[in-house]
Amino acid sequence: MNEQHPIGLTKGPGETPHEFTFVSPDRGQVLKVSEFVAYRAEVDGQERAILARVTNRCPLRLYPDTFLADPNINPDDVAALVGYHQRGHELFELTATVIGYYDETLGDFVNPRLPPRTGRPIYLAADEELARMLTKKRPGEVGTAHIGSLLSRDKDRVPITLDLRPITSTHLAIIASTGAGKSYLAAVLIEEMMKPNNRAAILIVDPHGEYDTLAEMMNHEVFFEQPPDDTLQPVYRPEVKIFKPGDVKVRASALSIGDLYYLLPNLSERMEYLLRRAYHDVREQSRKDKGDAERWTPAELQIRLRQLGEGGDEEDEGDDRYAGTADALIWRLESVLDQSVIFDDFQHLNLAELFRPGRCSVLQLNEVDEREQRVMVATLLRRLFRARTQTAKGQVDEGDELYLPYPAFVLIEEAHRFAPASGDVVSTGILKQVLAEGRKFGVAVGLISQRPGKLDGDVLSQCNTQFILRIVNPVDQARVAESVETVGRDLLRELPALTKGQVIVAGEAVNTPLLCRVRTRHTRHGAETRDAPADWMRYFEPEEQSRRERETALPVQPRRQGKSKMFK
Amino acid sequence: MSTISLGKIIKSNSHTDYVCQVYGPGEVETPPAREDYAFGTFARIGLGDDRWLIGIVYDTMLFNPDFGRLGPRLSLEPELAVFSPDYLNEKATLVGIAAVGMMDATSNVVQGVPSLAASTDALVERMSDAQVRAFHQGNPTPQLAYAPLLLTQGSALALPLLRTVIARLMALFPDQTDLLAVLQDDLTWKAQVGPLGGAR
């Protein structure tokens with residue numbers, strides 16, 4: 001603590017047992033809401049520095065309104081007129097919530113349940129000590145992410161270094177209104193995870209195609225681990241692989257019956273029955289013939305459907321009641337599977353290709369139908385989870401399709417599409433399973449959403465590290481308040497007032513909730529909003545006009561003698 | 001406007017509240033005119049050694065021992081001057097003076113409750129414009145540090161008194177009228193609109 005300069009004196013207890021108030025002239029204007037202060041108290045026979053967070057600031061001395069009557073007259077001069085000559089007259093009552101003293105062995109705060117005595121000095125917590133207490137890790141260590149600096153202090157004075165271990169086991173959520181900087185923050189996190197001290201295996205589900213600029217990481221020195229001898233190639237440089245729509249296929253046979261129902265909405269009961277029978281039959285046949293139930297092809301499914309429709313089954317022989325139903329199903333199956341860019345008869349997403357330490361795969365889904373996006377994410381998560389489960393249990397060996405011997409992290413943009421609060425979609429179930437059980441097998445997800453109000457409450461509450469940026473919508477604020485228990489009311493009050501790049505970080509990656517200023521990205525930001533007025537202006541530029549004239553001009557006709565035949 | 005002798009201190013009601021008997025006819029060569037001890041006039045009370053209490057006339061009382069006497073007088077008033085001149089001297093004009101500071105010959109000024117008190121028979125003089133300006137001169141703004149003292153004494157006349165004082169200062173400090181107007185406006189509101197229900 002800064003022993004030499006107390007910044008205020010304790011006034012008394014606050015409204016709750018963990019709050020206290022102190023009075024300070026705060027001449028340097030440093031005691032902002034969310035700032036950290038400390039006091040000294042004896043705990044278990046040892047003097048400890050006890051950290052507290054400022055939650056409210058209330059002025060104690062205000063000029064009478066009438067002193068402010070003339071905008072051209074300084075109220076200080078009016079005060080001087082009546083004999084008050086002090087220029088720094090302001091005095092504030094500040095409310096602070098006790099966080100506790102930092103126990104080095106526990107690596108966490110311990111609340112002493114002992115507010116400071118009245119008249120005791122309050123200090124501004126020193127930068128270095130704060131950096132050490134707020135997060136468990138130091139910059140540059142393995143498993144750390146330096147995402148920025150403490151907002152209440154000058155830029156870079158108190159670096160915020162997150163512990164990546166809980167993030168990559170108990171999931172994270174990034175929540176913010178549009179334009180508050182959630183993609184920017186996500187990219188900063190990815191950058192940190194791809195640095196030489198982390199080398200993560202990441203997949204980004206990118207429905208808007210805005211993460212492709214992360215590819216710049218491959219050529220940016222900050223991400224390289226240089227060898228001792230500078231002449232050699234870097235020992236490590238991250239790989240970024242962009243998968244355009246159509247690059248990654250889902251083998252049709254990997255679809256569950258639930259996926260098929262979801263892809264073919266509004267099936268009649270008869271259709272569902274027939275599809276279920278055919279699906280079951282082709283899987284059985286595939287198991288018998290190929291040793292794997294997931295090796296059937298859509299053609300086989302269609303053939304089986306036709307057989308069932310014609311009463312081809314032994315028990316239904318001669319019964320063609322289902323002929324029309326089978327035809328309709330086949331037609332719908334064809335129209336969904338054949339026209340889609342993501343489904344394929346044989347190709348399948350290769351997990352080892354998508355997930356590899358030191359590789360960031362960006363799965364762009366910006367031209368893919370929303371239903372297919374959900375099926376794709378569901379299939380992908382299901383396979384990833386199965387691969388990690390089976391690998392962890394030793395059920396698959398190297399070379400197997402489902403062998404994945406390292407943890408994986410999946411960042412899902414627009415998460416409310418994949419786990420909406422309004423109803424079950426095909427991806428909700430597997431997402432909930434991964435959130436609940438993923439930590440045991442090393443599958444973690446990061447959910448990004450601009451509409452937490454539309455996101456499933458259970459899904460949000462299972463993300464144990466939260467990054468919350470500016471949220472203005474009251475419904476979204478309420479959802480955040482009910483789902484994110486670790487963030488105090490005082491910080492949630494800040495939500496509408498946060499500006500771009502200011503984020504509340506809470507949960508397991510930090511020792512106490514804090515407000516952080518996100519650092520500048522090393523790579524360019526890809527989620528720029530289109531400048532429509534500039535595009536409209538460009539339409540009228542001479543070059544653009546002449547280009548249009550050139551392109552739309554009629555071909556020159558050879559000059560003919562006599563009467564033109566063009567206008568007969 | 002020069003210094004004019006107004007009268008003498010005859011008693012005090014408190015450390016800052018003095019009563020001055022205004023010189024009557026015959027007591028000094030030129031007795032003060034009514035305007036010289038008008039409401040809001042700055043007066044200085046001699047303390048000796050070229051030091052003065054500075055006060056403001058805030059009240060006027062007429063003293064008449066004959067008031068309430070029901071019996072007839074044997075002598076007519078012109079005859080009283082011959083037969084009983086003492087009686088005429090018993091009629092007096094008294095003014096209340098609120099002490100608001102101290103000042104010496106070198107213009108060392110203290111505004112607010114003065115540390116010293118005047119003695120009986122101390123000379124009371126009306127202050128000149130230059131003296132009033134010197135008493136209020138500050139750097140860079142004029143000083144009116146006794147204003148809260150007047151306002152907190154609870155007198156019904158405190159507001160009008162302060163408004164009169166500020167009006168005088170606006171004339172004496174023409175380049176500070178905007179600043180003084182902020183205070184004047186506040187007091188005018190409180191005096192004129194406040195009693196009729198205006199907020200604050």
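Located above this text is the structure these notes cover.
Residues numbered from 1 in each chain as written. Chains lettered and ligands numbered in written order. Predicted model: local features only at pLDDT ≥ 70, side-chain atom pairs only at ≥ 80, totals over all residues. Heavy atoms only, no water.

Colleague: Which residues make up the overall build of chain A, and what values go with them?
Modeller: When its secondary structure is counted, chain A shows 17 helices and 20 strands. Principal axes of the C-alpha set define a box for chain A whose edges measure 105 × 85 × 60 Å. Residue burial in chain A is summarised as follows: out of 568 residues, 51% are buried. Taking contacts inside chain A between residues at least 6 apart in sequence as the whole, the part at least 24 apart equals 71%. Total accessible area on chain A stands at roughly 27700 Å², and carbon and sulfur atoms take up 48% of it. The centroid of the 74 positive side-chain charges in chain A is displaced by 3 Å from the centroid of its 87 negative side-chain charges. (Helix = DSSP H or I, 4+ residues; strand = E, 2+ residues; numbered from the N terminus. Buried < 20%, exposed > 50% of the residue type's maximum accessible area, 1.4 Å probe, protein only. Contact = heavy atoms within 4.5 Å. Areas by Shrake-Rupley, 256 points an atom, 1.4 Å probe, with all protein chains shown as cover. Lys, Arg positive; Asp, Glu negative; His and termini not counted. Charge placed at Lys NZ, Arg CZ, Asp CG, Glu CD.)

Colleague: Kindly report on the pairing of strand E7 (residues 121–124) of chain A, identifying the contributing residues and their values.
Modeller: Residues and elements named next belong to chain A. Both strand E1 (residues 8–13) and E7 contribute to a ladder of 2 bridges, which runs antiparallel. When the bridges of E7 are listed, Gly 8 appears paired with Ile 122. The pairing of strand E3 (residues 36–43) with E7 spans 2 bridges and is antiparallel. Within E7, the position partnered with Ala 38 by the bridge is Tyr 123. (Pairing = 2+ DSSP bridges.)

Colleague: Got a sec to walk through the interface of chain B and chain A? Specific residues and values, please.
Modeller: As a measure of interface size, the accessible area lost when the parts come together is often cited. With 14 residues of chain B at the contact, the number on the chain A side is 12 residues. Interface area, chain B with chain A, both sides summed: about 1100 Å², of which 69% is carbon and sulfur. On inspection of chain B and its partner chain A, the count reaches 3 residue pairs in polar contact (both at pLDDT 80 or more). Of all the secondary-structure elements, those providing two or more residues to the side of chain B that touches chain A are helix H4 (147–151) and helix H6 (177–193) of chain B. With 6 residues, the single largest contributor to the side of chain B that touches chain A is H6 of chain B. Partitioning the side of chain B that touches chain A into residue classes produces 9 nonpolar, 2 polar and 3 charged. (Buried area = accessible area lost by both parts, 1.4 Å probe. Polar contact = N/O pair within 3.5 Å; in protein donor to acceptor, adjacent residues only side chain to side chain. Nonpolar A, V, L, I, M, F, W, Y, C, P; charged D, E, K, R; others polar.)

Colleague: Quick rundown of the environment of Pro 142 of chain B? Include the residues and the values.
Modeller: Relative to the assigned elements, Pro 142 of chain B resides in the loop between helix H3 (129–136) and H4. For the pair Pro 142 of chain B and Phe 173 of chain B, spaced 31 residues apart in the sequence, the C-alpha separation amounts to 7.8 Å. When neighbours within four sequence positions are excluded, Pro 142 of chain B is seen to be in contact with Leu 81 of chain A together with His 136, Phe 173, Gln 176 and Leu 179 of chain B.

Colleague: Give me the lowdown on the packing of aromatic side chains, citing residues and values where you can.
Modeller: A complete count under the given rule lists 9 aromatic pairs over all chains for this structure. Between Phe 20 of chain A and Phe 22 of chain A, the ring centres sit 6.1 Å apart and the planes meet at 35°, which makes this aromatic pair tilted. Where Phe 135 of chain B meets Tyr 146 of chain B, the ring centres are 6.1 Å apart and the plane angle is 25°; that geometry is what we call stacked. Of this pair, Phe 135 of chain B sits in helix H3 while Tyr 146 of chain B sits in the loop between H3 and H4, placing them 11 residues apart in sequence. When sorted by exposure, Phe 135 of chain B lands in the same class as Tyr 146 of chain B, which is buried. Ring pairs connect the aromatic residues Phe 20, Phe 22 and Tyr 39 of chain A, which therefore count as one cluster. Above the face of the Tyr 184 of chain A ring, Arg 521 of chain A is positioned so that its terminal group lies 5.9 Å from the ring centre. (Phe/Tyr/Trp six-rings, centres within 6.5 Å; stacked < 30°, edge-to-face > 60°. Lys NZ or Arg CZ within 6 Å of the ring centre and 35° of its normal.)

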